[in-house]
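# Fold and contact review
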Amino acid sequence: MKKPTVYCCKNHSELGRVAASLIAQQISQNPNLVLGLPSGKTPITVYQELRKKYDNEELDCSGVTTFNLDEYFQRGKGDADSYYTFMHERLFKYVPFKASYLPNAKPADPKEMSTSEYLTLIDEECSKYDKLIEDCGGIDVQLVGIGSNGHIGFNEPSDEISGGTYLVDLAEQTIKDNAEKFYNGNKSEVPKSAISMGMEQIMKAKMIILIANGISKAKAIYDALEGPITPQVPASLLREHEDVIFVIDEATASLID
Ligand code: PGA
């Protein structure tokens, strides 16, 4: 098993530059790249750097198709706190891609059908998303963040390895973290579930780039790189991937050798 490559950056800004350069390099080698993207605080500097590269005419994404890792359940276009809106505001508004997709987490008005009908519809949407990824040739480069509990996408610590895209309940820790990061600490406002690519789907990507910054991620990074490989720490599963790069800052790296 090949060990993950680890790039240790000084801070969040440098992390953005390093990760954006890695992505830009892959796009220059394959202008029709299929790129997996996350939302969150960590990728913000990566998206700023991609935008700079585009503005400086160093980056052409016109052949690149993007797929986001996840979306909050029953959020989407028009919802201020959706990942759709986040991606639009942080990246898609500035850098034109060939096509950009997010999981459809709001396929209909749930009031118009029974819960079981609605859940069936969500399942169908998840399968469609996986099929679309496959039809585009699979993900070439998948950028991921990491939760303070070691989650990837919304794959929370679990006894089992998740498969394709699915509806998932957020862990209490994730709700707390996201409340602090995006909802002024108000946990009741954080959606409690989401549609996320599963770990098997993520692991199918040809290359995975994990980004993490700040001391709050140090333990998760230690567990991911040096603890047991277990679905209890979804990020540790990435060590079974042949081409994975961790781009982290000094604070995050403080517990690893
Ligand atoms: P963050 O989220 O980038 O906002 O820290 C990462 C994650 O929860 O996966």
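Counting restarts for each chain, with residues numbered from 1 along the sequence as it is written. For a predicted model such as this one, the threshold for reporting local features is a pLDDT of at least 70, and the threshold for listing and counting side-chain atom pairs is 80 or more; totals across whole chains, interfaces and linings nevertheless cover every residue. Hydrogens and water are ignored here; the side-chain numbers use all heavy atoms of the structure.

### A closer look at the side chain of Lys53
Secondary structure elements are taken from DSSP: a helix is a run of H or I of four residues or more, a strand is a run of E of two residues or more, and numbering for both begins at the N terminus. By secondary structure assignment, the location of Lys53 is in helix α2 (residues 43-55). In this scheme, a residue with accessible area under 20% of its type's maximum is buried, one over 50% is exposed, and one in between is partly exposed, where area comes from a 1.4 Å probe on protein chains only. We count Lys and Arg on the positive side and Asp and Glu on the negative side, and we leave His and both chain ends out. Think of a salt bridge as a Lys or Arg side-chain nitrogen and an Asp or Glu carboxyl oxygen that are within 4 Å of each other. Glu58 provides the closest opposite charge to the buried, salt-bridge-free Lys53, at an N-O distance of 4.1 Å.

### Section: the packing of aromatic side chains
Both the distance between ring centres and the angle between the ring planes are used here to describe each pair of aromatic rings. Classification of ring pairs uses Phe, Tyr and Trp, with its six-membered ring standing for Trp, and accepts pairs whose centres are within 6.5 Å; under 30 degrees between planes counts as stacked, over 60 as edge-to-face, and the remaining range as tilted. Tallied over the full model, the rule gives 7 aromatic pairs. Taken together, a centroid distance of 5.1 Å and an interplanar angle of 25 degrees make the contact between Phe67 and Tyr101 stacked. Placement of the pair is Phe67 in strand β3 (residues 65-68) and Tyr101 in strand β5 (residues 99-101), with a sequence separation of 34 residues. Linked through ring pairs, Phe67, Tyr101 and Tyr129 together constitute an aromatic cluster. Whether a charge sits over a ring comes down to the Lys NZ or Arg CZ being within 6 Å of the ring centre and within 35 degrees of the ring normal. Sitting over the ring of Phe182, Lys41 keeps its end group 4.8 Å from the ring centre. Between the NZ or CZ atom of Arg51 and the centre of the ring of Tyr94, over which it lies, the distance is 3.5 Å.

### As for the site of the ligand
Whether a residue is near a molecule or strand depends on its heavy atoms: if one lies within 4 Å, it is near. Near the ligand, the surroundings consist of Gly40, Lys41, Thr42, Pro43, Gly145, Ile146, Gly147, His151, Lys181 and Lys217. In protein, a polar contact means a hydrogen-donor-capable atom and an acceptor-capable atom, both N or O and within 3.5 Å, with residues adjacent in sequence counting only if both atoms are side-chain atoms; elsewhere, any N or O pair within 3.5 Å suffices. Between the ligand and His151, the relevant distance is 2.7 Å, taken from an oxygen atom to a side-chain nitrogen or oxygen of the residue. In the model, an oxygen atom of the ligand is placed 2.8 Å from a nitrogen or oxygen of the Lys181 side chain. For the ligand, whose unbound accessible area comes to 280 Å², protein coverage reaches 89%. Across the shell around the ligand, the residue classes break down as 2 nonpolar, 5 polar and 3 charged. Only the protein chains shown count as covering a residue, and every accessible area follows the Shrake-Rupley method with a 1.4 Å probe. Residues are grouped as follows: nonpolar covers Ala, Val, Leu, Ile, Met, Phe, Trp, Tyr, Cys and Pro; charged covers Asp, Glu, Lys and Arg; every other residue, Gly included, is treated as polar.

### As for the sheet that holds β5
Here we have 7 strands laid out as an open sheet, ordered β1-β10-β9-β6-β2-β3-β5, and parallel in their pairing. Looking along the sheet, the strands with just one partner apiece sit at the ends: β1 (5-9) and β5. Across the sheet, the mean angle separating the axes of adjacent strands is 15 degrees when strand polarity is ignored. Strands are labelled as partners when DSSP assigns at least two bridges between them. Where strand β6 (residues 141-144) lies against strand β9 (residues 207-212), 4 bridges are found, and the strand directions are parallel. Among the inter-strand pairings, Val144 is bridged to a residue of β9, identified as Leu210. Taken strand by strand, helix α1 (residues 12-29) contacts β1, β2 (34-37), β6, β9 and β10 (244-249), and its axis lies near 155 degrees from that of β10. Those strands touched by helix α7 (residues 218-226) are β1, β9 and β10, and its axis lies near 155 degrees from that of β10. What counts as an axis is a line fitted to C-alpha atoms, over the stretch in contact for a helix, and the angles between N-to-C directions run from 0 to 180 degrees. Contacts are assigned to residue pairs that have any heavy atoms within 4.5 Å of one another.

### Remarks on the packing of α2 against helix α3 (residues 83-92)
Axis separation between α2 and α3 bottoms out at 9 Å; the angle between their running directions is 40 degrees. Taken as axis vectors, α2 and α3 run oblique relative to one another. Residue-level contacts link Ile44, Tyr47 and Leu50 of α2 to Phe86, Met87, Arg90 and Leu91 of α3. Residues belonging to the contact of α2 with α3 are distributed by class as follows: 6 nonpolar, no polar and 1 charged. Relative orientations are named as follows: roughly parallel for angles under 35 degrees, roughly antiparallel for angles over 145 degrees, roughly perpendicular for angles from 65 to 115 degrees, and oblique for any other angle.

### Concerning the pattern of salt bridges
Within the structure shown, the criterion is met by 12 salt bridges. The closest approach of N and O atoms between Glu89 and Lys93, which form a salt bridge, is 2.7 Å. Of the charged contacts, one joins Glu125 and Lys128 as a salt bridge, the two residues approaching to 3.3 Å between their closest N and O atoms. Here Lys128 and Glu125 lie together in helix α4 (residues 115-135), a separation of 3 residues that amounts to about one turn. With relative accessibility at 52%, the residue Lys128 sits in the exposed group.

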